[in-house]
Amino acid sequence: GAGVSQSPSNKVTEKGKDVELRCDPISGHTALYWYRQSLGQGLEFLIYFQGNSAPDKSGLPSDRFSAERTGGSVSTLTIQRTQQEDSAVYLCASSLEGFSGSPLHFGNGTRLTVT
Amino acid sequence: GESVGLHLPTLSVQEGDNSIINCAYSNSASDYFIWYKQESGKGPQFIIDIRSNMDKRQGQRVTVLLNKTVKHLSLQIAATQPGDSAVYFCAETNLQGAQKLVFGQGTRLTINP
């Protein structure tokens, strides 16, 4: 079946511009996560959506970052007024349930480069 | 298990040999652990998981060992193949508290022909 799909796969933007990254989770998965991976580093948690509950935004690095999940499915991560330190791979994952022991399934990420 | 540093630990093994990748986790309250494999240009892929009520779990060519006393997790890969070359991450969480999954730094495994 189809896995987690992210678009675009690559995005180059100028400093100060806004960007939107899209994630289509696996159908039927109620939980959706955004992580960020800087070059050669591990994964940094950003935000977590579980069903209709309020999202866990504790990992968002600044108020320039926001995310929404419409209809319990597709999610968009928005970065406003991008900075060079925002350059990273942004990974989306989904799971059947929340952090309850069902593995996360990751997309291939969006590589964001801020020039 | 927090991600730190710019340089990944590396491990090189000969094709056909067994490899062991180690991970020290940080939270003594963590009760669920996962190993992920990440190939270049792709997202992490689930390999195997283990809950804290177990100390060993086996999959196909892979075994995860958990030592809660010293907060240590290891991934053993038997009879390594070139396709095993990747970065391997351990991740931890506390299911009771529904805590977010925290990833370790990662280890780059290279299989030499």
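Before going into details, it helps to say that this report is about the structure given with it. (Residues numbered from 1 in each chain as written. Chains lettered and ligands numbered in written order. Predicted model: local features only at pLDDT ≥ 70, side-chain atom pairs only at ≥ 80, totals over all residues. Heavy atoms only, no water.)

### Points about unusual backbone geometry
1) Next: With an omega of -10°, the peptide bond running from Ser-7 of chain A to Pro-8 of chain A counts as cis.
2) Next: With respect to the helices and strands, the residue Pro-8 of chain A is situated in the loop between β1 (5–7) and β2 (10–13).
3) Next: Phi at Lys-71 of chain B takes a positive value of approximately 55°, unusual for a residue other than glycine.
4) Next: Position of Lys-71 of chain B relative to the elements: it lies in the loop between β6 (62–67) and β7 (72–77).
5) Next: Exposure remark for Lys-71 of chain B: the relative accessible area of 28% places this residue in the partly exposed category. (Helix = DSSP H or I, 4+ residues; strand = E, 2+ residues; numbered from the N terminus. Buried < 20%, exposed > 50% of the residue type's maximum accessible area, 1.4 Å probe, protein only.)

### Focus on the pattern of salt bridges
Residue and element names in this part refer to chain A.
1) Next: Enumeration according to the criterion identifies six salt bridges over all chains in this entry.
2) Next: Two residues, Lys-17 and Glu-14, come together in a salt bridge whose shortest N-O distance is 3.7 Å.
3) Next: Owing to a relative accessible area of 44%, Lys-17 belongs among the partly exposed residues under this scheme.
4) Next: Across the pair Arg-64 and Asp-86 runs a salt bridge, and its minimum N-O distance is 2.8 Å. One end of the pair, Arg-64, is in the loop between β5 (43–50) and β6 (65–69); the other, Asp-86, is in the loop between β7 (75–79) and β8 (88–95), and 22 residues separate them in sequence. For the pair Arg-64 and Asp-86, a shared accessibility class is recorded, and that class is buried. (Salt bridge = Lys/Arg side-chain N within 4 Å of Asp/Glu carboxyl O.)

### Details of the pairing of β8 of chain A
Residues and elements named next belong to chain A.
1) Next: For β8, the tally of buried residues reaches eight of eight residues, placing the bulk of the element in the interior.
2) Next: Going residue by residue along β8, you find Ala-88, Tyr-90, Cys-92 and Ser-94 tucked away on one face and Val-89, Leu-91, Ala-93 and Ser-95 tucked away on the opposite face as well.
3) Next: The pairing of strand β4 (residues 31–37) with β8 spans seven bridges and is antiparallel. Residue Tyr-33 lies in a different strand from β8, and its bridge partner there is Ala-93.
4) Next: Inspection of the sheet shows β8 paired to strand β9 (residues 105–106) by two bridges, in the antiparallel sense. Paired with Ala-93 across the strands is Phe-106, a residue of β9. (Pairing = 2+ DSSP bridges.)

### Describing the sheet that holds β7 of chain B
Residue and element names in this part refer to chain B.
1) Next: Reading across from one edge, β2-β7-β6-β5 is the order of the four strands in this open sheet, with antiparallel pairing throughout. Two strands close off the open sheet at either side, each with one partner strand: β2 (19–24) and β5 (56–58). For this sheet, the mean inter-axis angle between neighbouring strands, taken without regard to orientation, is 15°.
2) Next: The pairing of β6 with β7 spans six bridges and is classified as antiparallel. Each bridged residue has a counterpart across the sheet, and for Asn-67 the counterpart in β7 is His-72. (Axes fitted to C-alpha atoms, helices over the stretch in contact; angles between N-to-C directions.)

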